[in-house]
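If you want the building blocks of each chain, they are given just below.
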Amino acid sequence: NVQGAIILVLGYMFLEGVSRPLVSTYANRHLDSANRATVISVQSMMGTILAAAMLFLAGFLTDRIGVSQVLLVLAGFILVIGIVLLLAKPQNEVS
């Protein structure tokens, strides 16, 4: 359904827009200036490679099991990863 796809794309764009300044601020606070550009460059490159791999996998799975099931698998994956990241977060760090 087209409306659902539009909502997902807009949601992704919103999360991407929110996460970039947060990651940038974190990197600027915790990296020394000599390594900052390299780390941010590698981070960007890895993000692009990961996005390409995930899009390939999503397309492959969509052909095999359908759009609805792929979205359910993606939602479950995000839920599990989110829980793991929340549990792994250091307790002494200010959020």
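Conventions we followed
- Residues numbered from 1 in each chain as written.
- Predicted model: local features only at pLDDT ≥ 70, side-chain atom pairs only at ≥ 80, totals over all residues.
- Heavy atoms only, no water.
- Helix = DSSP H or I, 4+ residues; strand = E, 2+ residues; numbered from the N terminus.
- Areas by Shrake-Rupley, 256 points an atom, 1.4 Å probe, with all protein chains shown as cover.
- Lys, Arg positive; Asp, Glu negative; His and termini not counted.
- Charge placed at Lys NZ, Arg CZ, Asp CG, Glu CD.
- Axes fitted to C-alpha atoms, helices over the stretch in contact; angles between N-to-C directions.
- Parallel < 35°, antiparallel > 145°, perpendicular 65-115°, else oblique.
- Left-handed = near helix turned anticlockwise from the far one by under 90°.
- Contact = heavy atoms within 4.5 Å.
- Nonpolar A, V, L, I, M, F, W, Y, C, P; charged D, E, K, R; others polar.
- 1 Å grid on protein atoms, 1.4 Å probe; cavity = no way out; pocket = protein on both sides within 12 Å on 5 of 7 lines; lining within 4 Å.
- Points joined across faces, edges and corners; volume = space filled by probe spheres on them.

> Just checking my understanding: could you explain the overall build of the chain for this structure?
In terms of regular secondary structure, the chain is built from three helices and zero strands. Shown N-terminal to C-terminal, the secondary structure of the chain runs as helices and strands in the order α-α-α. As displayed, the chain has an accessible area near 8200 Å², and 73% of this comes from carbon and sulfur atoms. Between the mean site of the 5 positive side-chain charges and the mean site of the 4 negative ones, the chain shows a separation of 4 Å.

> Before we go on, may I ask you to explain the packing of helix α2 (residues 33-65) against helix α3 (residues 67-88) in this structure?
The description of two helices packed together rests on the angle between their axes and the distance between the axes. Close contact between α2 and α3 brings their axes to 7 Å; oriented N to C, the two are set at 135 degrees. As the angle between them shows, α2 and α3 are arranged oblique. Both α2 and α3 take part in a crossing whose hand is right-handed. Facing α2, whose interface residues are M54, A58, L61, T62 and I65, α3 presents V67, Q69, V70 and F77. Residue composition of the contact of α2 with α3, grouped by class: seven nonpolar, two polar and no charged.

> How do you make sense of the layout of surface pockets when you look at a structure like this?
Empty space among the atoms becomes visible once a probe the size of a water molecule is rolled across them. Approximately 2600 Å³ is the volume found for the largest pocket. Where the lining of the largest pocket is concerned, the elements lending two or more residues are α1 (2-30), α2 and α3. By residue number, the principal contributor to the lining of the largest pocket is α1, which donates 19 residues. Partitioned by chemical class, the residues of the lining of the largest pocket number 31 nonpolar, 14 polar and five charged.

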